[in-house]
Amino acid sequence: MAKREPTVNIENVVASATFKQKFSLGEIAKRIPGTKYNPSEFPGLVMHIEKPKTAILLFSSGKLVCTGARSENQAREAIKKVTEMLEKAGIKIEQKPEVRVQNIVASANLYSYLDIERIHEKFPYESMYEPEQFPGLIFRMEDPPVVMLLFTSGKVVCTGSRKEEDAKRAIYKLRDLLDEEGLLE
């Protein structure tokens, strides 16, 4: 019987950007409706963008964090929209921000029961399993450098990648490694 291919979904892309200029967040909050700025609670200005559905944190230093995107392109698109919103509000943007993907979280289904105790026995240096602390096995991969959470249901969460392709490659590599060792049922 042929094994089903893993279904890989990008769940969250966290990106940062630097505007290389300072901002008056109080002024921006006054000019752009729907923003939240309460410096006694949080030092950044919070914006929610509907398309693509993301949350943006903007700091007075000119740094920005975008979270909630489902792809690298969506994160870049959200940051571009924020730049346009700032410009429309009369905030002069001195130069386009440098965007960097910081973390990608992907999930997958390996369509197989995973005996995570056996996996831990086979890969003691790459894995950590403490069932009284957490029900999944933590698996560290060097190439690509990611951390994966494995669950008996066959579900896997991959984090730490900075490229979508690396997250997908890591999940397929894990599946092949477990298959080679006879650890997929």
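Everything numeric in this text was worked out from a predicted model, so none of it was measured.

1. Considerations on the pairing of strand 1 (residues 7–18)
As paired strands, strand 1 and strand 5 (residues 98–109) are joined by 11 bridges and run antiparallel to one another. Pairing of Ala17 across the sheet is with Val99, part of strand 5. As judged from the 5 bridges shared by strand 1 and strand 4 (residues 63–69), these two strands associate in the antiparallel manner. Its bridge partner lying in strand 4, Thr18 is registered against Lys63.

2. Some points on the nonpolar core
Among soluble globular proteins, nonpolar side chains are generally buried collectively. Counting residues in hydrophobic clusters, the biggest one holds 51 residues, and the most contacted among them are Leu86, Met148, Leu150 and Leu178. Apart from the residues within four sequence positions on either side, Leu150 is in contact with Leu114, Ile116, Ile119, Gly136, Leu137, Phe139, Lys155, Val156, Leu174 and Leu178.

3. Looking at unusual backbone geometry
With an omega of -5°, the peptide bond running from Lys51 to Pro52 counts as cis. Omega for the bond connecting Asp143 with Pro144 falls within 30 degrees of zero, at 0°, which places this linkage in the cis form. Position of Pro144 relative to the elements: it lies in the loop between strand 7 (137–141) and strand 8 (146–150). Phi angles above zero are rare outside glycine, and Lys20 is one such case at about 55°. As for its placement among the helices and strands, Lys20 is situated in the loop between strand 1 and helix 1 (25–31). Non-glycine residue Tyr111 carries a positive phi angle of around 55°. Residue placement: Tyr111 occurs in the loop between strand 5 and helix 3 (116–122). Of the residues examined, Tyr111 reaches a relative accessible area of 31% and is grouped as partly exposed.

4. Some words on the sheet that holds strand 4
An order of 2-3-4-1-5-9-8-7-6 is seen for the 9 strands of this open sheet, with the pairing classed as antiparallel. Edge positions in the sheet fall to strand 2 (45–49) and strand 6 (127–128), since each of these pairs with one other strand and no more. Pairing geometry for strand 3 (residues 54–58) and strand 4, over 4 bridges, is antiparallel. Looking across to strand 4, one finds that Ile56 is bridged to Cys66. Helix 2 (residues 72–88) contacts strand 1, strand 2, strand 3, strand 4 and strand 5 of the sheet and is inclined by roughly 130° relative to strand 4.

5. Some words on the packing of aromatic side chains
Following the criterion strictly, the structure yields 4 aromatic pairs and no others. Ring centres of Phe19 and Phe23 lie 5.3 Å apart, and the angle between their planes is 80°; this geometry places the pair in the edge-to-face category. Given a relative accessible area of 8%, Phe23 falls into the buried group. Seen in terms of ring centroids, Phe134 and Phe151 are 5.8 Å apart; in terms of plane orientation they differ by 65°. Their pairing is edge-to-face. Pair noted here: Phe134 is in the loop between strand 6 and strand 7 and Phe151 is in the loop between strand 8 and strand 9 (155–161), with a separation of 17 residues, a long-range link. In this structure Phe134 comes out as partly exposed when scored by relative accessible area, which is 31%. Looking at Phe151, the relative accessible area reads 22%, which means it is partly exposed.

Rules used in this analysis
Positions within a chain are numbered from 1, following the residues in the order the chain's sequence is written. Side-chain atom pairs in this predicted model are given and counted only at pLDDT of 80 or more, local residue features only at pLDDT of at least 70, and totals for whole chains, interfaces and linings cover all residues. Only hydrogens and water are removed before side-chain values are computed, so all heavy atoms of the structure are retained for them. At least two bridges found by DSSP between two strands is the condition for calling them paired. To qualify as a helix, a DSSP run of H or I must reach at least 4 residues; to qualify as a strand, a run of E must reach at least 2; elements of each kind are numbered from the N terminus. Only buried Ala, Val, Leu, Ile, Met, Phe, Trp, Tyr and Cys residues count toward a nonpolar core, and they belong to the same one when joined by side-chain atoms within 4.5 Å. A simple rule labels every residue: compare its accessible area, found with a 1.4 Å probe on the protein chains alone, to the largest value its type can have, and call it buried under 20%, exposed over 50%, or partly exposed in between. Whether two residues touch is decided by their heavy atoms; if any such pair falls within 4.5 Å, the residues are in contact. Note on geometry: axes are lines fitted to C-alpha atoms, helical ones only across the stretch in contact, with angles between N-to-C directions running from 0 to 180 degrees. Any pair of Phe, Tyr and Trp rings, taking the six-membered ring for Trp, is counted once the centres come within 6.5 Å. Such a pair is stacked with planes under 30 degrees apart, edge-to-face with planes over 60 apart, and tilted for the rest.

Bear in mind that shape data such as this cannot, by itself, settle questions of function.
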